[in-house]
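Below, each chain spelled out in residue letters.
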Amino acid sequence: MGKYLSLSSNHSSNKRSLEGLKTFSYLEELILDNNLLGNDLLLPRLPHLHTLMLNKNQITELESLLDHLAEVVPSLQYLSLLGNMACPNELVCKEKDEDDYQRYRYFVLHKLTNLKFLDTRKVTRREREEALVRGAFMKVVKPKASNDAASTSPEMHYTPLPSGSRDLTNHRGILGKCSYIYYGKHSEGNRFIRDDQL
């Protein structure tokens, strides 16, 4: 029986297309990159699976996916979720940074304690310790869309200014000039420039 299966680039979001995986009970590596798999991804129980690649899919909900993986693939050691909205990557999304990605790693390691490799990096001992202590608190919570927000008028925008200063016709601002002279007293900027470089 085969131990490696790649179903990459099938562009199939159909759950029925993964139903046949239950016949591959001894599967060790499964690659499902570049499909249209979303939050409704349901894998059959694969007790021997240690490598799972879900790159470039449409997964946005991380916690439900991790809970499902912990249940159906208990031997999982290598996981990659790059290219999904659930994986904050600063190269793909400008609003994300390295801290967002690190919090994501802690949360994943908290849920899947056997992982040795996540995305493109090996899991370090320090990451594993941090995930044990704080991983549960690294969950990214998205605010729920409320009906009140839709009913408010578009003219009501948030502003940090007090209510008295929101009226643009009645303001008490001051416009003026400032004279500043820099003497360079505490500067070390030119200390490394030699006279022959000027």
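The structure under discussion appears in the preceding block.
About the criteria used
- Residues numbered from 1 in each chain as written.
- Predicted model: local features only at pLDDT ≥ 70, side-chain atom pairs only at ≥ 80, totals over all residues.
- Heavy atoms only, no water.
- Helix = DSSP H or I, 4+ residues; strand = E, 2+ residues; numbered from the N terminus.
- Buried < 20%, exposed > 50% of the residue type's maximum accessible area, 1.4 Å probe, protein only.
- Contact = heavy atoms within 4.5 Å.
- Salt bridge = Lys/Arg side-chain N within 4 Å of Asp/Glu carboxyl O.
- Arc of directions from axis to C-beta.
- Pairing = 2+ DSSP bridges.

Comments concerning the overall build of the protein chain
Right, so step 1: Counting its secondary structure elements, the protein chain contains four helices and six strands.
Right, so step 2: Counting helices and strands in the order they occur from the N terminus, the protein chain gives β-β-β-α-β-α-β-β-α-α.
Right, so step 3: When the 198 residues of the protein chain are sorted by exposure, 29% land in the buried category.
Right, so step 4: Put simply, 52% of the contacts in the protein chain that link residues at least 6 apart link residues at least 24 apart.

Some thoughts on the pattern of salt bridges
Right, so step 1: Using the criterion set out here, one finds nine salt bridges in the structure.
Right, so step 2: Arg-121 is the partner of Glu-98 in a salt bridge, and the nearest nitrogen-oxygen pair spans 3.2 Å. Of this pair, Glu-98 sits in helix H2 (residues 98-111) while Arg-121 sits in strand S6 (residues 121-122), and the two are 23 residues apart along the sequence.
Right, so step 3: Since its relative accessible area comes to 35%, Glu-98 is described here as partly exposed.
Right, so step 4: Using a relative accessible area of 29% as the deciding quantity, one classes Arg-121 as partly exposed.
Right, so step 5: Residue Glu-130 is joined to Arg-134 by a salt bridge in which the shortest nitrogen-to-oxygen separation is 2.4 Å. With Glu-130 and Arg-134 both in helix H3 (residues 125-134) and four residues apart, the pair spans about one turn of that helix.
Right, so step 6: Looking at Glu-130, the relative accessible area reads 18%, which means it is buried.
Right, so step 7: Salt bridges sharing common partners tie together Glu-98, Arg-105, Arg-121 and Glu-127.

Concerning H3
Right, so step 1: Among all positions in H3, only Glu-127, Glu-130 and Ala-131 are buried. With its buried residues spanning 105 degrees around the axis, H3 presents them on a single face. Those residues of H3 that are exposed and aimed more than 90 degrees away from the buried face are Arg-125, Leu-132 and Val-133.
Right, so step 2: For H3, the secondary structure elements touched by its buried residues are H2 and S6.

Notes on the sheet that holds strand S5 (residues 117-118)
Right, so step 1: Strand order in the open sheet formed by six strands is S1-S2-S3-S4-S5-S6, and the pairing between neighbours is mixed. With partners counted over all chains shown, the strands left at the sheet margins are strand S1 (4-6) and S6, one partner each.
Right, so step 2: Sheet topology places S1 next to strand S2 (residues 29-31); three bridges connect them, and they run parallel. From the neighbouring strand, Ser-6 faces S2, where its bridge partner is Ile-31.

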